[in-house]
Amino acid sequence: MDVPLLYSFPLWGVALIFLVLLLIALESGFRVGLRMRNSWKDAESGGGAVVLTSMFALLGLVLAFTYASGVSRFDARKNAVIQEANSLGTAFHRADLVAEPGRTELRRTLLEYARTRAFPPGSIKTVADLEAALKKTLEHLSKIWPATKKVIEQGEPAPRESSLVAAINGVLDVHTVRLAAVSDRLPSIVIWMLVFIAAASLAVAGYNAGIQGRMSRWRMSAFALVLTGLMIVIMDFDRPNDGFVIVSNHSIYAVIAEMEANLKL
């Protein structure tokens, strides 16, 4: 699975990169403004205030859209986890309706697969961790259909067969849904565009301050820090297993506990 380069770094590292870029843009704009100050008779002329206001308005618009997009993808991942927990529970209970010996084998197969679908926070930090987790879950997923075929070959009544197959198909389908939800990330070009607009806005703000001959560095630095924090939160929505915004696996754990209780493990 391909993972954008930005998402392969820890969040604190990305935050440091963004903050340094914004501060460099701010300081560069200020120093250029100081050099150009003597050529300006009127510090307010040249449309500087209009340009700065327009750029900050554009920055706010882009931040709002990317933040809303991140929230929607995060909600999709949460819904995918709940949907998978429901499908696993349904398949497990319907498997209890069929006769032995296929019943226990199928239910144990579903339990082993369910255990691979719960990911503790921080368990996936690198591309290698993600690939290993995906390989493990695919190995257990591949065992579900053969176990289902054994049950069907026992000659179960048609209504039970149809009900069980529909439930198993639901488990297989939701796997794809959840994988797609995890893979859906904000493109790196959008993140860099956001950083560029923020840096350009701070550069213009610094330039205007340089034209005026003064700048409150701590206030502008605080603003750059706030912008960095907001961009990191937007990226954090696309890191469902680490960071500060984590998709809860509580529903999957609840299903696993119920399965284990039924099988008395």
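Notes on the structure follow. Worth saying up front: this structure is predicted, and the values here are computed from it rather than measured.

Scoring rules and cut-offs
Counting starts from 1 at the beginning of each chain's written sequence and moves along it residue by residue. Residue-level local features of this predicted model are given only where pLDDT is at least 70; pairs of side-chain atoms are given and counted only at 80 or more, and the full residue set underlies all totals for whole chains, interfaces and linings. To obtain the side-chain values, all non-hydrogen atoms of the structure were used and water was disregarded. Counting from the N terminus, the helices are the DSSP runs of H or I reaching at least four residues and the strands are the DSSP runs of E reaching at least two. Here the expected span of a helix is defined as 1.5 Å times the quantity of residues minus one. Stacked, edge-to-face and tilted labels apply to pairs of Phe, Tyr and Trp rings (six-membered ring for Trp) whose centres lie within 6.5 Å, assigned for plane angles under 30 degrees, over 60, and everything in between, in that order. Consider the ring centre and the ring normal. A charge sits over the ring if Lys NZ or Arg CZ is within 6 Å of that centre and within 35 degrees of that normal. As used in this record, nonpolar core signifies buried Ala, Val, Leu, Ile, Met, Phe, Trp, Tyr and Cys residues forming a set joined through side-chain atoms within 4.5 Å. Working definition: with a 1.4 Å probe on protein chains only, accessible area under 20% of the residue-type maximum means buried, over 50% means exposed, and in between means partly exposed. In this analysis, two residues are considered to be in contact whenever any of their non-hydrogen atoms come within 4.5 Å of each other. Lines fitted to the C-alpha atoms define the axes, with helices restricted to the stretch that makes contact. Angles between their N-to-C directions range from 0 to 180 degrees. In what follows, roughly perpendicular refers to angles from 65 to 115 degrees, roughly parallel to angles under 35, roughly antiparallel to angles over 145, and oblique to any angle outside these ranges. Ten residue types, Ala, Val, Leu, Ile, Met, Phe, Trp, Tyr, Cys and Pro, are classed as nonpolar, four, Asp, Glu, Lys and Arg, as charged, and the remainder, Gly among them, as polar. The rule for a salt bridge is simple: a side-chain nitrogen of Lys or Arg has to be within 4 Å of a carboxyl oxygen of Asp or Glu.

1. Re helix α7 (residues 188-212)
Move 1: Between its first and last C-alpha, α7 extends 36 Å over 25 residues, near the 36 Å set by a 1.5 Å rise per residue.
Move 2: Among the residues trailing α7, Gly213 stands out with phi positive, at a value near 85°.

2. A word on the packing of aromatic side chains
In this description, a pair of aromatic rings is defined by centroid distance and the angle of the planes.
Move 1: Per the counting criterion, the structure on display carries four aromatic pairs.
Move 2: Judged by centre distance (5.9 Å) and plane angle (80°), the rings of Phe18 and Trp192 are edge-to-face. With Phe18 in helix α1 (residues 11-36) and Trp192 in helix α7, the pair connects residues that are 174 residues apart, well separated along the chain.
Move 3: Three or more aromatic residues joined by ring pairs make a cluster, and in this case those are Tyr67, Phe74 and Phe237.
Move 4: Directly above the ring of Phe92 sits Arg107, whose terminal nitrogen or CZ lies 4.1 Å from the centroid.

3. Section: the nonpolar core
Move 1: Core analysis: the largest hydrophobic core is formed by 33 residues, its most contacted members being Phe18, Leu22 and Ile191.
Move 2: Secondary structure elements with two or more residues in this core: α1, α2 (48-95), α7 and α8 (217-236).
Move 3: Of the residues forming this core, the biggest block, 10 residues, is contributed by α7.
Move 4: Discounting residues that sit within four places of it in the chain, Leu22 has contacts with Val195, Ala198, Ala199, Leu202, Ala224, Leu227, Thr228 and Met231.
Move 5: Ranked by size, the runner-up nonpolar core spans 30 residues in total, among them Leu111, Ala167, Ile168 and Met259.

4. Digging into the packing of helix α3 (residues 102-115) against helix α4 (residues 127-141)
Move 1: Running from N to C, α3 and α4 cross one another at 170°; their axes reach a closest spacing of 9 Å. Judged on the interaxial angle alone, α4 and α3 are roughly antiparallel. Contact with α3, carried on its side by Thr109, Glu112 and Tyr113, involves Thr137, His140 and Leu141 of α4 and no other residues of that element.
Move 2: Looking at the contact of α3 with α4 residue by residue, the class counts come to two nonpolar, three polar and one charged.

5. A word on the pattern of salt bridges
Move 1: Scanning the entire structure with this criterion turns up 12 salt bridges.
Move 2: A salt bridge links Glu84 to Arg178; the nearest nitrogen and oxygen atoms lie 2.6 Å apart. Linking Glu84 in helix α2 with Arg178 in helix α6 (residues 158-183), this pair joins segments that are 94 residues apart in sequence. In this structure, Glu84 and Arg178 share a single accessibility class: buried.
Move 3: Residues Glu105 and Lys150 are paired through a salt bridge, measuring 3.3 Å at the closest nitrogen-oxygen approach. Pair noted here: Glu105 is in helix α3 and Lys150 is in helix α5 (residues 144-153), with a separation of 45 residues, a long-range link.
Move 4: Taken together, the shared-partner salt bridges connect Glu27, Arg31 and Arg217 into one network.

What is shown is where atoms sit, not what they do.
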